[in-house]
Amino acid sequence: MKSDELDATLDSFGDALASATRVTPGNALRPEDIAKDGVKPSEQIAQYALRLGDDSLILSQRMSHWVSRAPELEEDVALGNITLDLLGHARSFLTYAGLAWDKTEDDLAYFREEEEFTSLHIVEQDNGHFGVTIIRMLLVATYQHLLYTALMESADETLSAIAAKSVKEVDYHRDHAIQWTIRLGLGTEESAEKMRHALEILWPYIDEMFTDEPLHDQLEGVAVRPSTLRAAWDQEIAGVLDEAGLEVPNVPQAMCKGRQGEHSEYMGYILAEMQVLARKHPGATW
Amino acid sequence: MAATTQNDSQLSAVPSYEQEQAQARFDAIIGDDSRIEPRDWMPEPYRKTLTRQVSQHAHSEIIGMQPEANWITRAPSLKRKAILIAKVQDEAGHGLYLYSAAETLGTSRDELNDQLLTGRAKYSSIFNYPARTWADMGAIGWLVDGAAIANQVPLCRASYGPYGRAMVRICKEESFHQRQGFEILLSLSRGTEAQKKMAQDAINRFYEPSLMMFGPPDDQSPNSKQSMAWKIKRFSNDDLRQRFVGMIAEQVKVLGLTLPDPELRFDEETGKWLHKDLNWDEFMAVIKGGGPMNSQRMERRRAAHREGAWVREAAAAYANKQAQSEVA
Ligand SMILES: [Fe+2]
Ligand SMILES: [Fe+2]
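Bear in mind the structure is a predicted one, so any value in this text is a computation, not a measurement.

What counts as what
Residues numbered from 1 in each chain as written. Chains lettered and ligands numbered in written order. Predicted model: local features only at pLDDT ≥ 70, side-chain atom pairs only at ≥ 80, totals over all residues. Heavy atoms only, no water. Helix = DSSP H or I, 4+ residues; strand = E, 2+ residues; numbered from the N terminus. Rg over C-alpha atoms; globule rule 2.2 N^0.38 Å. Buried < 20%, exposed > 50% of the residue type's maximum accessible area, 1.4 Å probe, protein only. Contact = heavy atoms within 4.5 Å. Areas by Shrake-Rupley, 256 points an atom, 1.4 Å probe, with all protein chains shown as cover. Lys, Arg positive; Asp, Glu negative; His and termini not counted. Charge placed at Lys NZ, Arg CZ, Asp CG, Glu CD. Donors = N, O, S within 2.8 Å, 3.2 Å for Na, K, Ca; no water. Tetrahedral: all angles 85-135°; square planar, octahedral: opposite > 155°, others 65-115°. Buried area = accessible area lost by both parts, 1.4 Å probe. Salt bridge = Lys/Arg side-chain N within 4 Å of Asp/Glu carboxyl O. Polar contact = N/O pair within 3.5 Å; in protein donor to acceptor, adjacent residues only side chain to side chain. Nonpolar A, V, L, I, M, F, W, Y, C, P; charged D, E, K, R; others polar. Axes fitted to C-alpha atoms, helices over the stretch in contact; angles between N-to-C directions. Parallel < 35°, antiparallel > 145°, perpendicular 65-115°, else oblique. Left-handed = near helix turned anticlockwise from the far one by under 90°. 1 Å grid on protein atoms, 1.4 Å probe; cavity = no way out; pocket = protein on both sides within 12 Å on 5 of 7 lines; lining within 4 Å. Points joined across faces, edges and corners; volume = space filled by probe spheres on them. Phe/Tyr/Trp six-rings, centres within 6.5 Å; stacked < 30°, edge-to-face > 60°. Disulfide = S-S within 2.5 Å.

## Considerations on the overall build of chain B
Logical step 1: The helix and strand inventory of chain B stands at 14 helices and two strands.
Logical step 2: Computed over its C-alpha atoms, the radius of gyration of chain B comes to 22 Å, within 12% of the 20 Å expected for a compact globule of 328 residues.
Logical step 3: Oriented by its inertia axes, the alpha-carbon framework of chain B measures out at about 70 × 60 × 35 Å.
Logical step 4: A burial count over chain B gives 58% of its 328 residues as buried.
Logical step 5: The long-range share in chain B, meaning contacts at least 24 apart out of those at least 6 apart in sequence, stands at 76%.
Logical step 6: If you sum the accessible surface of chain B, you get close to 14,200 Å²; carbon and sulfur atoms cover 52% of it.
Logical step 7: Separation of charge centres in chain B, based on 42 positive and 42 negative side chains, amounts to 5 Å.

Below is the structure:
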């Protein structure tokens, strides 16, 4: 069978590219384009892109566990969308970072050791019940929304382009999390209690998101200095929690050094699961 | 529900002139190849058959997410992971379209869901087999979604409007599903020895169950005739099955792999594809709940429902409060 004949038999029922869930919307920047046409970033820019990519990758990996387990079917679709968006952002950032070291997104995702991952502790936290997942989404998506909005002004064109694509998607994640936070905060006594609990167990990982590093000093005008996002984030979160009848919990901040590759006990399991197949067949194409 | 009760009493009574008229209108619509819409009168057995078929189809989409969800976290490349998430998420969407179509026949989504969770409703038995390796993502896409397409394309012309229209949307996406599965197998078949072996093993395991997705042989499928008379179904089980097997017999050559069927051949005389006898005893055993995964599939669905109860209750309570404050 020739390849066009094969195409015809496989396509005979419609559009082979039609997924209701677009893997990459229309003409948006794709990781494949970055790999092909991207300009090689400096070592520092690559390190910065790696941080953002790792955050999205690990969060997406966590979120993907919800597929086929959501509280209702509509939510299965919504959580799947969000998982897919995050994975898309991760792929773009990792592909770009990898150009500095002649590595692909898959080299970075599957063949790095735990201490080489630079993600924040909050993204590796357990999904918990639906309320925990929603609060984590609220805290992280609000942060990423501010971050990408600022990053659109980056002097680095690729970072700014990835941010411009991603900002619209994290805005949807943020909105989705806000709607649920309000619904569950004001729904029943049980749901309010679960949301208070979710805030308590996740709040210790907030400070790490806003910690500046020497890397940010070296990337003036290119990277976004995390501390500059804090005031706006505090204000936004306070507003949402207030509307949901919830409060910022009074809990100490955890000592976290995710950016230096020091992770929680969760991370080993996350990576073991994510990397197992790829590592069993090194050098294979899929 | 009101409509159902009304129709029941219509049926049990001696046919009145109005009922005969209604039946004649229904017959004329079917005869014209036109479509029955929710507001039209329809015979009760037609409504029941469709409700069962459409809801079973919806349940299959939902349970069918599980074997593939099983590999999302372990997908061996980020691109494959993204495609697989998109695919599985499409299936949730298909479930939604189909539940909506089923609801237009007068049974609520809650009731349909309850039928699934309590085991009163069935779903496609193929999802009771485990997805043991990554290559199963290929075999499921190529063979299972492929068989689903072959079954579903004729359903786009089903006589019940909402069902036919749901199928049009679904079929568009199913082609993407089949292709991504084929591409997974193609990459494996061009890969290392271990990958090739994995691909062949997956095809060996899914070949027969996928052929059985078309349902029992025609002479053992008593309801098929009526479904065809109502123009819900357009082709017989055996006819669809032989067409499908002919298609994959060609496609498997591109993979450089084989189908586990020494009897498979095209019969010039009848112009049909012939395949080996299928293990219908196993099929029936799986339908009755004895497949390797029936218990897990059901429990996963029940667990999601149970663990999500507080979320749905809270959402309903919140919506209530909102509605009240709007009135106030
Ligand atoms: Fe489907
Ligand atoms: Fe499908």
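Now, onward.
## Some details on the coordination of the iron ion (ligand 2)
All names here are of chain B.
Logical step 1: Around the iron ion (ligand 2), the protein contributes the donor atoms Glu-91 (OE), Asp-145 (OD), Glu-174 (OE) and His-177 (ND1), which lie 2.0 to 2.2 Å from the metal centre.
Logical step 2: Donor residues binding the iron ion (ligand 2) come from one chain and are separated in sequence as E-x53-D-x28-E-x2-H.
Logical step 3: Between the iron ion (ligand 2) and the iron ion (ligand 1) the interatomic distance amounts to 3.3 Å, and Glu-91 serves as a bridging ligand to the pair. Taken together, the residues Glu-91 in helix α5 (residues 78-103) and His-177 in helix α8 (residues 161-189) connect sequence positions 86 residues apart. Just as Glu-91 is buried, His-177 falls in that class too.

## Side note on the coordination of the iron ion (ligand 1)
Residues and elements named next belong to chain B.
Logical step 1: Of the protein atoms, only Glu-61 (OE), Glu-91 (OE), His-94 (ND1) and Glu-174 (OE) coordinate the iron ion (ligand 1), at distances of 2.0 to 2.2 Å.
Logical step 2: Note that the iron ion (ligand 1) binds four donor atoms; their angles at the metal cover 82 to 154°, and the shape is irregular.
Logical step 3: Each donor residue of the iron ion (ligand 1) lies on the same chain, and together they follow the pattern E-x29-E-x2-H-x79-E.
Logical step 4: On the accessibility criterion, Glu-174 (2% relative accessible area) is buried.

## Description of the side chain of B:Thr107
Residue and element names in this part refer to chain B.
Logical step 1: Positionally, Thr-107 belongs in the loop between α5 and α6 (109-117).
Logical step 2: Overall, the relative accessible area of 15% leaves Thr-107 in the buried class.
Logical step 3: Beyond its immediate stretch of four places on either side in the chain, Thr-107 contacts Thr-51, Ala-102 and Leu-112.

## Here we look at the interface of chain B and chain A
Logical step 1: In this assembly, 62 residues from chain B lie in contact with 63 residues from chain A.
Logical step 2: A combined buried area of about 5,500 Å² lies between chain B and chain A, and 66% of that area is made up of carbon and sulfur atoms.
Logical step 3: Across the contact surface, chain B and chain A share two salt bridges.
Logical step 4: Across the salt bridge formed by B:Arg109 and A:Glu74, the nearest N and O atoms sit 2.8 Å from each other.
Logical step 5: Counting across the chain B and chain A interface gives 16 residue pairs in polar contact (both at pLDDT 80 or more).
Logical step 6: When contributions to the side of chain B that touches chain A are tallied by element, the ones reaching two or more residues are α4 (65-72), α5, α8, α9 (193-212), α11 (237-255), α13 (294-307) and α14 (309-327) of chain B.
Logical step 7: In terms of residues, the side of chain B that touches chain A owes the most to one element, α5(B), which gives 17 residues.
Logical step 8: Along the lines of polarity and charge, the residues of the side of chain B that touches chain A split into 35 nonpolar, twelve polar and 15 charged.

## Describing the environment of A:Glu247
Residues and elements named next belong to chain A.
Logical step 1: By secondary structure assignment, the location of Glu-247 is in the loop between α12 (230-243) and α13 (266-280).
Logical step 2: Residue Glu-247 is classed as exposed on the basis of its relative accessible area, which comes to 66%.
Logical step 3: Between the C-alpha atoms of Glu-247 and Arg-196, which are 51 residues apart in sequence, the distance is 7.7 Å.
Logical step 4: Filtering out sequence-adjacent residues up to four positions away, Glu-247 remains in contact with Leu-199 and Leu-241.

## So, the packing of α4(B) against α5(B)
Helix packing geometry: the angle between the two helix axes and the distance between the axes.
Residues and elements named next belong to chain B.
Logical step 1: Here α4 crosses α5 at 155°, and the two axes come no closer than 10 Å. Taken as axis vectors, α4 and α5 run roughly antiparallel relative to one another. For the crossing formed where α4 meets α5, the hand is left-handed. Seen from α4, the contacting residues are Met-65, Glu-68, Ala-69, Trp-71 and Ile-72; seen from α5, they are Lys-81, Leu-84, Ile-85, Lys-87, Val-88, Glu-91 and Ala-92.
Logical step 2: For the contact of α4 with α5, the residue count by class is eight nonpolar, no polar and four charged.

## With respect to the side chain of B:His177
All names here are of chain B.
Logical step 1: Of the residues examined, His-177 reaches a relative accessible area of 0% and is grouped as buried.
Logical step 2: Of the polar contacts made by the side chain of His-177, one reaches the side chain of Asp-90; its length is 2.8 Å.
Logical step 3: Ignoring anything within four residues of it in the chain, the contact list for His-177 reads Lys-87, Asp-90, Glu-91, His-94, Gly-141 and Asp-145.

## A short note on the layout of surface pockets
Residues and elements named next belong to chain B.
Logical step 1: Within this model, the largest pocket holds a volume of roughly 1,300 Å³.
Logical step 2: Along its surface, the largest pocket is lined by 47 residues, and Gln-53, Gln-56, Asn-151, Met-213 and Gly-215 are the ones closest to its centre.
Logical step 3: Looking at the lining of the largest pocket, the elements that each hand over two or more residues are α3 (44-63), α5, α7 (135-152), α8, α9, α10 (224-229), α11 and α12 (280-290).
Logical step 4: For the lining of the largest pocket, the element with the most residues is α3, which contributes seven residues.

## A short note on the pattern of salt bridges
Residues and elements named next belong to chain A.
Logical step 1: Counted under the stated rule, the structure contains 43 salt bridges over all chains.
Logical step 2: A salt bridge links Glu-236 to Arg-174; the nearest nitrogen and oxygen atoms lie 3.0 Å apart. Residue Glu-236 is located in helix α12, and its partner Arg-174 is located in helix α8 (residues 157-186); the two are separated by 62 residues in the primary sequence.
Logical step 3: Residue Glu-236 is classed as partly exposed on the basis of its relative accessible area, which comes to 26%.

## Looking at the packing of aromatic side chains
One pair of aromatic rings is described through two measures. These are the centre distance and the angle between the planes.
Residues and elements named next belong to chain A.
Logical step 1: In this structure the tally under the stated criterion is 13 aromatic pairs over all chains.
Logical step 2: Plain terms: the ring middles of Trp-66 and Phe-130 are 5.9 Å apart, the flat faces sit at 85° to each other, and that makes the pair edge-to-face. Here Phe-130 lies in helix α7 (residues 130-151) and Trp-66 lies in the loop between α3 (43-63) and α4 (73-99), a separation of 64 residues in the sequence.
Logical step 3: The class of Trp-66 is buried, set by a relative accessible area of 11%.
Logical step 4: When its relative accessible area of 3% is taken as the criterion, Phe-130 is described as buried.

## Comments concerning the state of the cysteines
Logical step 1: Overall, the coordinates contain zero disulfides over all chains when judged by the stated rule.
Logical step 2: The cysteine B:Cys171 is free of any disulfide, with B:Cys156 supplying the nearest cysteine sulfur at 3.7 Å.

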